[in-house]
Amino acid sequence: MCGIVGYVGAKPAEAVVIEGLRRLEYRGYDSAGIALVDGGAIVSDKRAGKLANLEKAIADSPLPQVTTGIGHTRWATHGPPTDRNAHPHLGRARRVALVHNGIIENFAELRGRLESEGVEMASDTDTEVAAHLLEEQLETGVDLTVAMQNVCRGLEGAFTLVAVDSQDPDRVVAARRNSPLVVGIGEGENFLGSDVAAFIEHTREAMELDQDQVVTITREGVSVSGFDGTPAEGRRYHVDWDLSAAEKDGHDWFMRKEIFEQPRALADSLLGRRGTDGLLQLDEMRLSDQDLRDIDKIIIIAAGTSFYAGMVAKYAIEHWCRIPVEVELASEFRYRDPILTASTLVVAISQSGETADTLQAIRHARVQRSKVLAICNTNGSTIPRESDGVIYTHAGPEIGVASTKGFLTQLVACYLLALYLAQVKGTRFGDEISQVMDQLEEMPGHVETVLAKAEEVYALARDHVDNRSVLFLGRHAGYPVALEGALKLKEIAYLHAEGFAAGELKHGPIALVEEGLPILCVVPPRGRDQLHDKMISGIQEVRARGARTLCLAEEGDTTITPYADVLITLPQVPVLLQPIVAVVPLQLFACELATQLGHDVDQPRNLAKSVTVE
Ligand code: F6R
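Everything numeric in this text was worked out from a predicted model, so none of it was measured. Here, residues in each chain are numbered from 1, in the same order as that chain's written sequence. Note on the predicted model: pLDDT of at least 70 is required for a residue's local features to be given, and 80 or more for side-chain atom pairs to be given and counted; whole-chain, interface and lining totals, by contrast, use all residues. Each side-chain value is worked out from all heavy atoms of the structure, with water and hydrogens disregarded.

Peer 1: How should I be thinking about the overall build of the protein chain in this particular structure?
Peer 2: Strands are runs of DSSP state E lasting at least 2 residues, helices are runs of H or I lasting at least 4, and numbering of each runs from the N terminus. Check the secondary structure of the protein chain and you find 20 helices and 25 strands. Its C-alpha atoms give the protein chain a radius of gyration of 25 Å, near enough to 25 Å, the size a compact globule of 614 residues would have. Taking the principal axes of its C-alpha atoms as reference, the protein chain extends roughly 75 × 55 × 45 Å. The buried share among the 614 residues of the protein chain stands at 61%. Two residue types count as positive, namely Lys and Arg, and two as negative, namely Asp and Glu; His and chain ends fall outside the count. In plain terms, the charge of a residue is placed at NZ if it is Lys, CZ if Arg, CG if Asp and CD if Glu. For the protein chain, the centre of its 59 positive side-chain charges and the centre of its 88 negative side-chain charges are spaced 4 Å apart. Restricting the calculation to C-alpha atoms gives the radius of gyration, and the globule rule supplies 2.2 Å times the number of residues raised to the power 0.38. Relative accessibility under 20% of the residue-type maximum defines a buried residue, over 50% an exposed one, and the middle range a partly exposed one, all with a 1.4 Å probe and only protein chains included.

Peer 1: Which parts of the structure should I look at to understand unusual backbone geometry?
Peer 2: What you tend to see is this: most non-glycine residues have negative phi, and most peptide bonds are trans. A cis amide bond links H87 with the next residue in sequence, P88, at an omega value of 0°. With respect to the element layout, P88 can be found in the loop between β4 (68-74) and β5 (89-90). Its identity as a non-glycine residue notwithstanding, N178 has a phi of 50°, on the positive side. Relative to the elements of secondary structure, N178 occurs in the loop between β8 (172-177) and β9 (182-185). The backbone of R369 shows a phi angle near 75°, a positive value even though the residue is not glycine.

Peer 1: When you look at the side chain of E14 in this model, what are you seeing that I'm missing?
Peer 2: Locating E14 in the fold gives a position in helix α1 (residues 13-24). Should a side-chain nitrogen of Lys or Arg be within 4 Å of a carboxyl oxygen of Asp or Glu, the pair is scored as a salt bridge. At 9.0 Å, R22 is the nearest oppositely charged side chain to E14, a buried residue that forms no salt bridge. Note on contacts: a residue pair is in contact if any heavy atoms of the two residues lie within 4.5 Å. Beyond its immediate sequence surroundings of up to four residues, E14 is in contact with I34, L36, I58, L63, Q65 and V66.

Peer 1: I would appreciate a short explanation of the site of the ligand in the present structure.
Peer 2: Surrounding the ligand, one finds 14 residues, the nearest of these being S306, S350, Q351, S352 and T355. Pairing of N or O atoms within 3.5 Å defines a polar contact, subject to two protein rules: one partner must be a possible hydrogen donor and the other a possible acceptor, and residues neighboring in sequence count only if both atoms are side-chain atoms. S306 is positioned such that a nitrogen or oxygen atom in its side chain is 2.6 Å from an oxygen atom of the ligand. Relative to its free-state accessible area of 400 Å², the ligand is covered by the protein chains to the extent of 89%. For the shell around the ligand, the secondary structure elements donating two or more residues are α10 (304-321) and α18 (478-493). Throughout, the term near means that a residue has one or more heavy atoms lying within 4 Å of the molecule or strand in question. Computed with a 1.4 Å probe, the accessible areas rest on the Shrake-Rupley method; for each residue, only the protein chains presented here act as cover.

Peer 1: Help me understand the packing of helix α4 (residues 127-138) against helix α5 (residues 144-153), please; the structure alone is not making it clear to me.
Peer 2: Two numbers describe a pair of packed helices, the interaxial angle and the distance between the axes. For helices, the fitted axis covers only the stretch in contact; all axes are lines through C-alpha atoms, and the angles between them, taken along N-to-C directions, range from 0 to 180 degrees. Put simply, α4 and α5 touch, their axes get as near as 9 Å, and they point 125° apart. As summarised for this structure, α4 and α5 are arranged oblique, according to the angle between their axes. Relative to α5, α4 is oriented so that their crossing is right-handed. Where α4 approaches α5, its residues L133, L134, Q137 and L138 are matched on the opposing element by L144, A147, M148, N150 and V151. Just so you know the grouping, Ala, Val, Leu, Ile, Met, Phe, Trp, Tyr, Cys and Pro go in nonpolar, Asp, Glu, Lys and Arg go in charged, and all remaining residues, Gly too, go in polar. Residue composition of the contact of α4 with α5, grouped by class: 7 nonpolar, 2 polar and no charged. In these notes the angle categories are as follows: under 35 degrees is roughly parallel, over 145 is roughly antiparallel, 65 to 115 is roughly perpendicular, and the rest is oblique. For any pair of crossing helices, the crossing counts as left-handed if the nearer helix is rotated counterclockwise from the farther one by less than a right angle, and right-handed if it is rotated clockwise.

Peer 1: How do you make sense of empty space enclosed by the protein when you look at a structure like this?
Peer 2: To find the voids left in a structure, one rolls a probe of water-molecule size over its atoms. Cavity and pocket criteria rest on a 1 Å grid covering protein atoms alone: a 1.4 Å probe that fits but cannot get out defines a cavity, protein on both sides within 12 Å along at least 5 of 7 lines defines an open pocket, and an atom within 4 Å of a point defines a lining residue. Grid points are joined across faces, edges and corners, and a volume is the space filled by probe spheres set on the points. The tally for this structure, following the rule as stated, stands at 2 cavities of 30 Å³ or more. Size it by volume and the largest cavity reaches roughly 70 Å³. Lining the largest cavity we find C2, R74, W75, A76, T77, H78, H87, H100, G102, T125, D126 and T127. When its residues are assigned to classes, the lining of the largest cavity shows 3 nonpolar, 7 polar and 2 charged. Of the voids in this model, the second largest cavity is the one considered here, and its volume is about 30 Å³. Here the residues of the lining of the second largest cavity sort into 4 nonpolar, 5 polar and no charged.

Peer 1: Before we go on, may I ask you to explain the pairing of strand β2 (residues 31-38) in this structure?
Peer 2: Within a regular strand, side chains alternate between the sheet's two faces. Within β2, 7 of the 8 residues are buried, which leaves it mostly tucked inside the rest of the structure. Strands pair, by our definition, only if DSSP identifies at least two bridges between them. By the bridge criterion, 8 bridges tie β2 to strand β3 (residues 41-48) in an arrangement that is antiparallel. Residue pairing across strands places G33 opposite K46, the latter belonging to β3. With antiparallel pairing between neighbouring strands as the criterion, β2 and β3 make up a hairpin whose turn holds 2 residues, including G39 at a positive phi of roughly 50°. Bridging between β2 and β4 involves 6 bridges; their strand directions are antiparallel. Opposite S31, over in β4, you have R74 as the bridge partner.

Peer 1: Would you explain the packing of aromatic side chains in this entry?
Peer 2: How two aromatic rings sit relative to each other is given by the distance of their centres and the angle of their planes. Between the rings of Phe, Tyr and Trp (Trp by its six-membered ring), a pair exists once the centres lie within 6.5 Å; its type follows the angle of the planes, with under 30 degrees stacked, over 60 edge-to-face, and the other angles tilted. Tallying each qualifying case throughout the model produces 7 aromatic pairs. On the numbers, 5.1 Å between centres and 45° between planes, the contact of Y7 with F191 is tilted. One end of the pair, Y7, is in strand β1 (residues 3-8); the other, F191, is in strand β10 (residues 190-193), with 184 residues separating them in the sequence. F191 matches Y7 in its accessibility class, with the two residues each being buried. Seen in terms of ring centroids, Y26 and F254 are 5.3 Å apart; in terms of plane orientation they differ by 45°. Their pairing is tilted. Taken together, the residues span a long stretch of sequence, with Y26 in the loop between α1 and β2 and F254 in helix α7 (residues 254-260) at a distance of 228 residues. Put simply, a charge is over a ring when the Lys NZ or the Arg CZ is close to the ring centre, within 6 Å, and near the line of the ring normal, within 35 degrees. One cation-aromatic arrangement involves R256 over Y458; the distance from NZ or CZ to the ring centre is 4.9 Å. Looking at R605, its charged tip hangs above the ring of Y494, at a distance of 3.9 Å from the centre.

Peer 1: So what exactly am I meant to see when it comes to the environment of V183 here?
Peer 2: Its place among the elements puts V183 in strand β9. Each C-alpha atom, one on V183 and one on R264, is 21 Å from the other, the two residues being 81 residues apart in sequence. Setting aside anything within four residues of it in sequence, one finds V183 in contact with F191, L192, F199, E205, A206, M207, L209, V215, I217 and V222.

Peer 1: So what exactly am I meant to see when it comes to the UniProt feature "domain: SIS" (unreviewed entry) in the protein chain here?
Peer 2: UniProt positions are given in the numbering used here, feature names are shortened, and annotations may be inferred rather than shown by experiment. Feature annotation in UniProt assigns "domain: SIS" (unreviewed entry) to the following positions: residues 288-427 and 460-604. Strand forms 20% of residues 288-427 and helix 46%; the C-alpha atoms that close the span are 17 Å apart.

Peer 1: So what exactly am I meant to see when it comes to the UniProt feature "active site" (unreviewed entry) in the protein chain here?
Peer 2: Sequence positions flagged by UniProt for "active site" (unreviewed entry) are, in local numbering, C2 and K609. Restricting the annotated residues just mentioned to those that line the largest cavity leaves C2. Residue position: C2 is located in the segment before β1. Among the residues examined, C2 registers a relative accessible area of 5% and is labelled buried. Setting aside residues up to four positions removed in sequence, C2 forms contacts with R27, H72, T73, R74, W75, H100, N101 and S194. Given the relative accessible area of 27%, K609 is considered partly exposed.

Shown next as structure tokens:
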């Protein structure tokens, strides 16, 4: 997820673009760049780090005062956050400058073709190929709009592209497929942005585009077409949000916005994982197939929410790959003298990539000669840099302190790792792996279905504002979901909340149950007869002692009805994948309850987003 701005009008483009980028910095902040069209040439500057670094560079070496420009704040996906990988990217003749949000899935193939024709790449990004392809098109004599249509037809993946042509200074052209882009409509000026925050201080008139469309803005107007050149109409609307709501896409909190971004984040995290031969490819893996075949034990280390993703990973890896997996809190790992050998794979899960406990744990593992694989959302952060391989989750930056889309995309990365190991070790047939991939690819749609019922969950949360304690029960892959549901409630609603494995109830926790105590129960799919039935027994036990049972169960599970005071239905999915859909109502529940209690949901007391001390 990156921030994109485009401008053409009468004002100084540099100021409009930089201001727009400042408003979009929450979308990505590991590097920033700008390109202006100045009398037949592109003038560009780009810097790693926060936008302030770019502003300082511009202050030291001012850009020309011109009125057409584009800009970008990056959240790295391909290539570390360095000056050379920052956007804009230029074509080899420096005629085109281009910025991009998303992932071009077939970039490797396109890059190979361009390199074989003598194009020298100036970056490690997937984006740069699009700049070269656009320039190639312009050289055939078409204009930037047609060039963009032609290039987009050959791209796969999800992308928003915005480009300028030095030979056509009054035109900015953009395209979108499954990635955000809005047009701001002004008087004698027009804007492009990843969202309306980019231009809201200039105009509140906006235009929405459909998928697979190209838009051209000039001072005089806006025109839209399909990738095939067919003219199209955008949908105009008036923005009545204030700036802070605009950054949050109309939501009251970044956390809520991030919960609703999960279908997109899941889809992005799955992009480009299947090769043309149908095999899984994890190209940031850097560990050879032989290294992976030699693995005889996996230890997953993580903290907090990431630890719960690791617990789910254990179920998946052991089931699909038959490799023993231990899951360990990073803060405990070093202090128990863990048995590590060269055939142990240590998997470090960290959204931020900077958590000190996890970092110290991987350093310890590497000293013992174990291989370390990171699962991380932050390209270029310390944990992936110090690991032997990395699977990046593509959630985009998570601003709310409580992790939501970070967790869901970690789950996807864990499933991908498990399937990849199964492929390499041959513990599952190719068609079985493909079937799970198909099921994973259906997950964004299933999460949409759950989100469509948000109001039902909010009403439930409002009914519980007076409760001081809430318990969560789960079994198997639903157990980490129960723990995560409880953690969310502790973090942002400051309520006493505990998650339990349902089978453990009678070994102690059931003593906590009293009249009216709300217990959120994650019911496994019916396909797992024993697991499902055992869970129902657990629910009966707590209900018999006066608990109010709030049950999450799959659509059509009528066996739960007699024991559920409240029933929230989930889409039917396989048991191992159920955490992806089951955790979403728990996130919504915590977010709404905390809102009702008047807490700062995005910055809960005593917590920090990145815990860089042990
Ligand atoms: C909970 C939460 C924390 C983090 C934990 C690890 O909502 O965000 O529990 O999961 O601090 O952080 P990362 O994943 O950045 O290592």
